[in-house]
Amino acid sequence: MRKIILVFFIVLFSMLSSECMQAQEKTVITSDVILKETLYNANKVKVSNFSLKQFDALFFEFFDKKANPNLVLTKEEFYKYTIQIAIFSDRLAALYPDQKEIAALNKKKWFAETYEDYLLSKATQKK
């Protein structure tokens, strides 16, 4: 009887532990993710030293280019802007510790931007 109970608990434990492993979120590494990480590493130091004036210039340059219906950014150009804006969120978090949560959300938002969504927005601009 003890062996049956022991086997039952072992089977139950293995089922529960395998269920927990399957429930974990799997990260899919795409070429976009690799490009974003590469741009992040290449621009982190430079953008971390931006003044607010330099950041504003970058931010408005991006939105001007994004709004121009006659201009389509390449994937690398698009991600270079979005990742640099995301990096500046780290600087804001360091300068204003009480705004860390907002800066983290902004960084996450800018990292989540996709080139495909940008191209779709460009297609609707031309209509």
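Here's a quick rundown of the structure. (Residues numbered from 1 in each chain as written. Predicted model: local features only at pLDDT ≥ 70, side-chain atom pairs only at ≥ 80, totals over all residues. Heavy atoms only, no water.)

A look at the pattern of salt bridges
Now for step 1: Taken as a whole and judged by the stated rule, the model has three salt bridges.
Now for step 2: Two residues, E61 and K65, come together in a salt bridge whose shortest N-O distance is 3.5 Å. Note that E61 and K65 are positioned in helix α3 (residues 52-67) at a spacing of four residues, about one turn of the helix.
Now for step 3: The closest approach of N and O atoms between K107 and D90, which form a salt bridge, is 3.1 Å. (Salt bridge = Lys/Arg side-chain N within 4 Å of Asp/Glu carboxyl O. Helix = DSSP H or I, 4+ residues; strand = E, 2+ residues; numbered from the N terminus.)

Some remarks on the packing of helix α4 (residues 75-95) against helix α5 (residues 100-112)
Now for step 1: Between α4 and α5, the least distance of the axes is 8 Å, while the angle of their chain directions is 170 degrees. What the angle tells us is that α4 and α5 run roughly antiparallel. Two secondary-structure elements touch here, α4 through T82, I83, I85, A86, S89, D90 and A93 and α5 through K100, A103, N106, K107, W110 and F111.
Now for step 2: Grouping the constituent residues of the contact of α4 with α5 by class yields seven nonpolar, three polar and three charged. (Axes fitted to C-alpha atoms, helices over the stretch in contact; angles between N-to-C directions. Parallel < 35°, antiparallel > 145°, perpendicular 65-115°, else oblique. Contact = heavy atoms within 4.5 Å. Nonpolar A, V, L, I, M, F, W, Y, C, P; charged D, E, K, R; others polar.)

Side note on the packing of aromatic side chains
Now for step 1: One pass over the structure, following the stated rule, counts 15 aromatic pairs.
Now for step 2: Measuring from ring centre to ring centre gives 4.2 Å for F55 and F88, while their planes differ by 5 degrees; the resulting arrangement is stacked. Highlighted residues: F55 in helix α3 and F88 in helix α4, separated in sequence by 33 residues. Neither F55 nor F88 differs from the other in exposure class; each is buried.
Now for step 3: Put simply, the rings of F55, F59, F60, F62, F63, F78, Y79, Y81, F88, W110, Y115 and Y118 pair up and form one aromatic cluster.
Now for step 4: Taking NZ or CZ as reference, K109 lies 4.1 Å from the ring centre of W110, over its face. (Phe/Tyr/Trp six-rings, centres within 6.5 Å; stacked < 30°, edge-to-face > 60°. Buried < 20%, exposed > 50% of the residue type's maximum accessible area, 1.4 Å probe, protein only. Lys NZ or Arg CZ within 6 Å of the ring centre and 35° of its normal.)

Observations regarding the side chain of S89
Now for step 1: Among the secondary structure elements, S89 is positioned in helix α4.
Now for step 2: For S89, the contacting residues outside a window of four places in its chain are A103, N106 and K107.

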